[in-house]
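# An overview of the molecular structure
Here is how the chains run, residue by residue.
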Amino acid sequence: MAFGSVPTPLGDMLAAVTEDGVAGVGWIHRNDALRERLLDRLGLAEVDDPARTAPVLGELAEYYAGRLRVFGVPVDWRLTSSVQRRVLGTLYGTVGYGKAVTYGELAARSGTGVPARAIGSIMGANPIPIIVPCHRVVAGNGLGGFSGGEGVESKRWLLTLEGYLQPTLDWD
């Protein structure tokens with residue numbers, strides 16, 4: 001597995017890329033052990049392969065700059081269970097840039113029988129945030145939670161970047 005990082009307005013992001021695609025993405029400042037955890041969970045050796053990580057790092061930089069709306073890098077789903085993959089795959093395939101879906105709507109849309117309250121747990125365990133856009137899943141009465149970056153404020157920032165939320169006076 002090859003690793004690379006990219007600075008973002010929400011902190012440096014680490015991307016883990018296998019021969020099949022992006023298997024993990026996360027904020028480094030939030031989880032210093034992310035690299036070791038991903039290597040351990042996949043049982044893969046670390047390789048130095050900047051050519052493998054360059055596409056995802058470039059797309060993440062373009063996304064945060066507001067110039068990329070659809071990620072084109074392949075996704076390696078092996079860190080997800082079959083139910084997680086179905087829910088996250090439904091999110092990935094049906095909720096585009098600048099859109100949002102409620103936990104209940106995603107539960108119904110996925111056809112898994114997973115109750116809405118369990119969708120939040122699946123979003124919190126998403127190994128590929130931003131690319132698989134768990135920030136686009138909101139509560140019926142507000143934003144809901146977010147375990148990435150700095151929590152709900154990071155979710156608010158991402159939804160504002162995408163135009164789902166209107167910028168506040170302090171937006172920069």
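Our structure's up above, just so we're on the same page.
Being a predicted model, the structure only gives us computed values, none of them experimental.

It is worth spelling out the pattern of salt bridges at this point. Evaluation of the coordinates by the stated rule reveals 7 salt bridges. For E62, the salt bridge is made with R67, and the minimal N-O distance between the two is 3.0 Å. Taking relative accessible area as the criterion, E62 reaches 31% and is therefore assigned partly exposed. Residue classification places R67 among the exposed residues on the basis of a relative accessible area of 57%. R156 serves as the salt-bridge partner of E153, at 3.4 Å between the closest nitrogen and oxygen. With E153 and R156 both in helix α6 (residues 152–161) and 3 residues apart, the pair spans about one turn of that helix. When its relative accessible area of 47% is taken as the criterion, E153 is described as partly exposed. Salt bridges here are not isolated pairs; linked through shared partners, they connect D20, D76 and R78.

In space, the 3 strands of this open sheet follow the order β1-β2-β3, with antiparallel pairing throughout. Because the sheet does not close on itself, it has two edges, and the strands there are β1 (2–6) and β3 (22–27). Adjacent strand axes in the sheet meet at a mean angle of 20° when their direction is disregarded. For strand β2 (residues 13–17) and β3, the ladder comprises 5 bridges, and the chain directions are antiparallel. Residue A16 lies in a different strand from β3, and its bridge partner there is G24. Strands β1, β2 and β3 of the sheet are contacted by helix α1 (residues 34–42), whose axis makes an angle of about 155° with β3. Contacts from helix α2 (residues 50–64) reach β1, β2 and β3 within the one sheet, and its direction differs from that of β1 by about 25°.

We describe a pair of aromatic rings using the distance from one ring centre to the other and the angle between the two ring planes. Tallying each qualifying case throughout the model produces 6 aromatic pairs. Ring centres 5.8 Å apart and planes at 80° place the aromatic pair W77 and Y92 in the edge-to-face group. Note that W77 is positioned in the loop between α2 and α3 (82–94) and Y92 in helix α3, a separation of 15 residues in sequence. An aromatic cluster is present here, built from Y63, Y64, F71, Y97 and W157 joined pairwise through their rings. Across from the ring centre of F3, 4.6 Å away, lies the NZ or CZ of R35, which sits over that ring.

Turning to the packing of α3 against helix α5 (residues 116–124), a few remarks are in order. Remark: α3 packs on α5, axes separated minimally by 10 Å, with the N-to-C direction vectors making an angle of 85°. As summarised for this structure, α3 and α5 are arranged roughly perpendicular, according to the angle between their axes. In this structure, α3 uses V83, Q84, V87, L88 and L91 to contact α5, whose residues at the interface are I119, I122 and M123. Looking at the contact of α3 with α5 residue by residue, the class counts come to 7 nonpolar, 1 polar and no charged.

For I130, which is not glycine, the phi dihedral falls at a positive 75°. Note that I130 resides in the loop between α5 and β5 (137–138). Judged by its relative accessible area of 1%, I130 falls in the buried class.

Scoring rules and cut-offs
Residues numbered from 1 in each chain as written. Predicted model: local features only at pLDDT ≥ 70, side-chain atom pairs only at ≥ 80, totals over all residues. Heavy atoms only, no water. Salt bridge = Lys/Arg side-chain N within 4 Å of Asp/Glu carboxyl O. Buried < 20%, exposed > 50% of the residue type's maximum accessible area, 1.4 Å probe, protein only. Helix = DSSP H or I, 4+ residues; strand = E, 2+ residues; numbered from the N terminus. Pairing = 2+ DSSP bridges. Axes fitted to C-alpha atoms, helices over the stretch in contact; angles between N-to-C directions. Contact = heavy atoms within 4.5 Å. Phe/Tyr/Trp six-rings, centres within 6.5 Å; stacked < 30°, edge-to-face > 60°. Lys NZ or Arg CZ within 6 Å of the ring centre and 35° of its normal. Parallel < 35°, antiparallel > 145°, perpendicular 65-115°, else oblique. Nonpolar A, V, L, I, M, F, W, Y, C, P; charged D, E, K, R; others polar.

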